[in-house]
Amino acid sequence: MALRTLARGMGTFFKTCEHPQSRWSKCPHTYVIRFRNASGRQTEESGFATQDKAIDRLTEIYRAKREKPWGQSKAERNRKYGAMDFGAYAEEWKAGQRSLAPASLRHLESLLEHHLYPAFHSRRMATFDHKVVDTSCPSAIRSPP
């Protein structure tokens, strides 16, 4: 199976027959495309009669993935959690964790109680970025030198 790669992240197209790539244009077999879908899983579609149709479909998929606003999911999270304070968010997150062993739960509660809650408990979730976390609570984030 010969494989030809397009632009990075776009996917590939190929034929599964034994014909060399130089003969694909005259080969009667159909093209197959391989790409990563929106959830990140590798996906294949087949049945493209020409190379141009395969490339057009890859381009269509690539554009659809690129046009899907990354920021929309972030905006939805901000709408849902932005006004919530860190303490309430941490409790909700902790309740959603499955199969936490007793030792892991004690360790998590200790980290929250001694490191994170003192610095962030009443802070709104919409106000966080990496600089806030690094400057407010360096002992919980980084190991000592």
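Just so you know, these numbers come straight off a predicted model, no measurement behind them.

Trainee: What is the right way to look at the pairing of strand β3 (residues 31–36) in this model?
Mentor: Regular strands place their side chains on alternate faces of the sheet. With five of its six residues buried, β3 lies for the most part within the structure. Pairing analysis gives three bridges linking strand β2 (residues 12–14) to β3, with the strands arranged antiparallel. Its bridge partner being in β3, phenylalanine 13 is matched across the sheet by isoleucine 33. Note: β3 against strand β4 (residues 42–48), six bridges, orientation antiparallel. Pairing of phenylalanine 35 across the sheet is with threonine 43, part of β4. Connecting the antiparallel pair β3 and β4 is a turn made up of five residues, with glycine 40 showing a positive phi of about 90 degrees.

Trainee: What is the right way to look at helix α1 (residues 51–67) in this model?
Mentor: Given 3.6 residues per helical turn, the α-helix brings residues three or four places apart onto the same face. Here α1 is 17 residues long and its end C-alpha atoms lie 24 Å apart, about the 24 Å a rise of 1.5 Å per residue gives. Along α1, the positions that sit buried rather than exposed are Ala54, Leu58, Thr59 and Ile61. Viewed along the axis of α1, the buried residues span an arc of 165 degrees, placing them on a single side of the element. Looking at α1, the residues exposed on the side facing more than 90 degrees away from the buried face are Asp52, Asp56, Arg63 and Glu67. Turning to α1, the residues buried within the fold contact β2, β3 and β4.

Trainee: Before we go on, may I ask you to explain the packing of aromatic side chains in this structure?
Mentor: Applying the stated criterion across every chain, the model contains five aromatic pairs. Put simply, the rings of Phe13, Trp24 and Tyr31 pair up and form one aromatic cluster. A cation over a ring is seen here: lysine 15 above tyrosine 31, with NZ or CZ 4.5 Å from the ring centre.

What counts and what doesn't
- Residues numbered from 1 in each chain as written.
- Predicted model: local features only at pLDDT ≥ 70, side-chain atom pairs only at ≥ 80, totals over all residues.
- Heavy atoms only, no water.
- Buried < 20%, exposed > 50% of the residue type's maximum accessible area, 1.4 Å probe, protein only.
- Helix = DSSP H or I, 4+ residues; strand = E, 2+ residues; numbered from the N terminus.
- Pairing = 2+ DSSP bridges.
- Expected span 1.5 Å × (residues − 1).
- Arc of directions from axis to C-beta.
- Contact = heavy atoms within 4.5 Å.
- Phe/Tyr/Trp six-rings, centres within 6.5 Å; stacked < 30°, edge-to-face > 60°.
- Lys NZ or Arg CZ within 6 Å of the ring centre and 35° of its normal.

None of the figures reported here should be taken as evidence of function without further support.
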